[in-house]
Amino acid sequence: MGETLLALRIALMLLLYGFLGVALYLLGRDLRRNEMPAVPRPTPALLHWRGADEAEHSFALEPVTGLGRAKDNSLPLEDPFASAHHALVVWREGQWHVEDLGSHNGTYLNEERLNGSRVLASGDEIRVGDTLLRLEIKSS
């Protein structure tokens, strides 16, 4: 009787460890399969413009850069013709994009009024109110 009980305990222990092994294997496999791909970092880029003082200014773009008069923008502009929250420059799908936020005077890309989002290239000029911003995308 004692040997039978010992054999049952060993069999139960082997089943339990086998179950745990299979469960951990499946969990690890699912975690590896569902790993998120690395989010590509934005290509470094700068906006250049001349301020009211005629001095050249530069700003390093963030993944989402808000442009406008309001102080809570990433790049607050001292331009009476810019809306409080005028436009966004965003890193999306491996490229820089610009989009108007429904501003009263509109946002212009290379002197063409924006409708929706547009992809940016180095050297593009973005006009927000009377402020002309030139984009410089750093080469990798």
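Each remark here, short or long, concerns the structure printed above.
What counts, and at which threshold
- Residues numbered from 1 in each chain as written.
- Predicted model: local features only at pLDDT ≥ 70, side-chain atom pairs only at ≥ 80, totals over all residues.
- Heavy atoms only, no water.
- Helix = DSSP H or I, 4+ residues; strand = E, 2+ residues; numbered from the N terminus.
- Buried < 20%, exposed > 50% of the residue type's maximum accessible area, 1.4 Å probe, protein only.
- Lys, Arg positive; Asp, Glu negative; His and termini not counted.
- Salt bridge = Lys/Arg side-chain N within 4 Å of Asp/Glu carboxyl O.
- Polar contact = N/O pair within 3.5 Å; in protein donor to acceptor, adjacent residues only side chain to side chain.
- Contact = heavy atoms within 4.5 Å.
- Core = buried A, V, L, I, M, F, W, Y, C linked by side-chain atoms within 4.5 Å.
- Phe/Tyr/Trp six-rings, centres within 6.5 Å; stacked < 30°, edge-to-face > 60°.
- Lys NZ or Arg CZ within 6 Å of the ring centre and 35° of its normal.

(A) Looking closely at the side chain of Asp 79. Structurally, the position occupied by Asp 79 is in the loop between strand S4 (75-76) and strand S5 (87-92). Lacking a salt bridge, the buried Asp 79 has Arg 69 as its closest oppositely charged neighbour, with an N-O distance of 7.4 Å. At 2.7 Å, the side chain of Asp 79 forms a polar contact with the backbone nitrogen of Phe 81. Here the side chain of Asp 79 touches Asp 130 through a polar contact of 2.6 Å, landing on its backbone nitrogen. The contacts of Asp 79, once residues within four sequence positions are left out, are Arg 69, Val 128, Gly 129, Asp 130 and Thr 131.

(B) Representation of the nonpolar core. Counting residues in hydrophobic clusters, the biggest one holds 21 residues, and the most contacted among them are Leu 47, Leu 67, Leu 75, Val 89, Leu 120, Ile 126 and Leu 133. Of all elements in the fold, only strand S1 (45-50), S5, strand S6 (95-100), strand S10 (125-128) and strand S11 (131-137) reach the threshold of two or more residues within this core. Residues contacting Val 89, with those up to four places away along its chain left out, are Leu 61, Glu 62, Pro 63, Val 64, Thr 65, Leu 67, Trp 96, His 97, Val 98, Leu 120 and Ile 126.

(C) Inspection of the packing of aromatic side chains at higher detail. For the structure on display, the rule yields 1 aromatic pair. Plain terms: the ring middles of Trp 91 and Trp 96 are 5.2 Å apart, the flat faces sit at 65° to each other, and that makes the pair edge-to-face. Each member of the pair, Trp 91 as well as Trp 96, carries the same accessibility label: buried. Looking at Arg 127, its charged tip hangs above the ring of Tyr 108, at a distance of 4.2 Å from the centre.

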